[in-house]
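A structural walkthrough
Next come the chains, spelled out residue by residue.
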Amino acid sequence: MTRRAVLGGGSGFLGSALKDSLEADGYQVSVIGRNGPDARWDDPDAILRLVDGADLLIGLAGKAIDCRFTDANREEFLRSRLDTTRALHDAVAKAENPPALWMNASSATIYRYALDRAQTEADTEFDTGFSPDVARAWEDELFRGELPGTRRVAMRITIVLGDGAATDLFFRLARWGIGGTQHDGWWFPHRRYRGIGPHPTEPEQPLGKRSKGRQKFSWIHIDDLVGAVRFIRDDPSIEGPVNFSAPTQTDNRGLMATLRRVVGMPFGLPSWRFMLEPAMWVLRKEPELVLKSRWVAPGVLSSAGYEFAYPELEPALRDVWEQRRR
């Protein structure tokens, strides 16, 4: 019998990679999106028909984070994640034959700004402000109520190295000769990172943490994201939050030095927040992409025995760089 998988949001590079891998595993894959192709988010009956009897459900929908946190974008970030997760939850609750496993995207930005040690799933000292508030509300919707027939996993995803916007930005910075260490520091106060959602929190110190380029960088190669999904699917003991992060992390200095080696750029000009803020405004990105200290370790995956294809940063970046040049 052909196994069925449903992707809630499959238009991005994560969804495309998962769709290809699941089809290679013999799944019949259906995709829910704003315009289909198999069901639309505004059609709950169609979503229920897909979810009922499916073996695997993966929720990935949500507005991409690689833009400025304007008021309109902030509201869309939250709404697009909560509304789609709620739609999947309603379908699972109503299904006569609910999927055995529902994996739903979340974000490793839920963890506090860390310079002292890596954060694992056992840590509950979360960060405050916009991005962590979105992640908490997102997971609350996933784990809401009882779904006795369905195992639920929150995918706390770090920066994914692959054909995505974040990786593209890193490579561009290195190739343009401005891939030096990025330093946090003072900037004019603003409210883009203020809290949001059902339980908004205020950032303790939204700007100006002087990490001197030592802010941590946690990441995962796209092949390991796909591999971890397969691993969790086949291990029924894994449920709850799972960090999708490589077992080794670096800091901003290490990241930028590695990027320069990979692209063959012998130098990289350093930059400070007062330089990054206007540059990121031009690029329509947020400086926290390179200035926030994300120190996240894959506690659950490592304990369960997952073997990473790319445990080290440089081979992972070199693989992505070579893929882009083909």
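Residues numbered from 1 in each chain as written. Predicted model: local features only at pLDDT ≥ 70, side-chain atom pairs only at ≥ 80, totals over all residues. Heavy atoms only, no water.

As recorded in an unreviewed UniProt entry, the protein chain goes by DUF1731 domain-containing protein and comes from Microbacterium croceum.

With respect to unusual backbone geometry
Just so we agree on the cut-off: Secondary structure elements are defined from DSSP: runs of H or I of at least 4 residues count as helices, runs of E of at least 2 residues count as strands, and each element is numbered from the N terminus.
For the bond from glycine 36 to proline 37, the omega torsion is 15°, close enough to zero to count as cis. Checked against the element boundaries, proline 37 lands in the loop between β2 (28-33) and β3 (39-40). Here the phi dihedral of arginine 284 falls at roughly 60°; this positive angle occurs in a residue that is not glycine. Inspection of the secondary structure assignment puts arginine 284 in the loop between α8 (273-283) and α9 (288-291).

Topic: the sheet that holds β2
Operational definition: Should DSSP find at least two bridges between two strands, the strands are taken to pair.
Ordered by their spatial adjacency, 7 strands build an open sheet running β3-β2-β1-β4-β5-β6-β11, and the pairing between neighbours is parallel. Of all the strands in the sheet, the pair left with one neighbour each is β3 and β11 (240-244).

Details of the pattern of salt bridges
Heads up, the condition is: The salt bridge definition used is simple: a Lys or Arg side-chain nitrogen within 4 Å of an Asp or Glu carboxyl oxygen.
By the definition in use, this model includes 30 salt bridges. Across the salt bridge formed by aspartate 168 and arginine 172, the nearest N and O atoms sit 3.2 Å from each other. Of this pair, aspartate 168 and arginine 172 both sit in helix α5 (residues 165-175), 4 residues apart, which is roughly one turn of that helix. Where arginine 214 meets aspartate 251, a salt bridge forms, and the shortest distance between an N and an O atom there is 3.1 Å. Taken as a pair, arginine 214 in the loop between β8 (182-183) and β9 (216-217) and aspartate 251 in strand β12 (residues 250-251) lie far apart in primary sequence, 37 residues in all.

Concerning the UniProt feature "domain: DUF1731" (unreviewed entry) in the protein chain
Definition in use: UniProt positions are given in the numbering used here, feature names are shortened, and annotations may be inferred rather than shown by experiment.
UniProt tags residues 288-320 as "domain: DUF1731" (unreviewed entry). Here residues 288-320 is 55% helix and 0% strand, with 23 Å between the C-alpha atoms at its ends.

Comments concerning the UniProt feature "domain: NAD-dependent epimerase/dehydratase" (unreviewed entry) in the protein chain
The UniProt record annotates "domain: NAD-dependent epimerase/dehydratase" (unreviewed entry) at residues 8-116. Secondary structure across residues 8-116 comprises 40% helix and 18% strand; the distance between its end C-alpha atoms is 36 Å.

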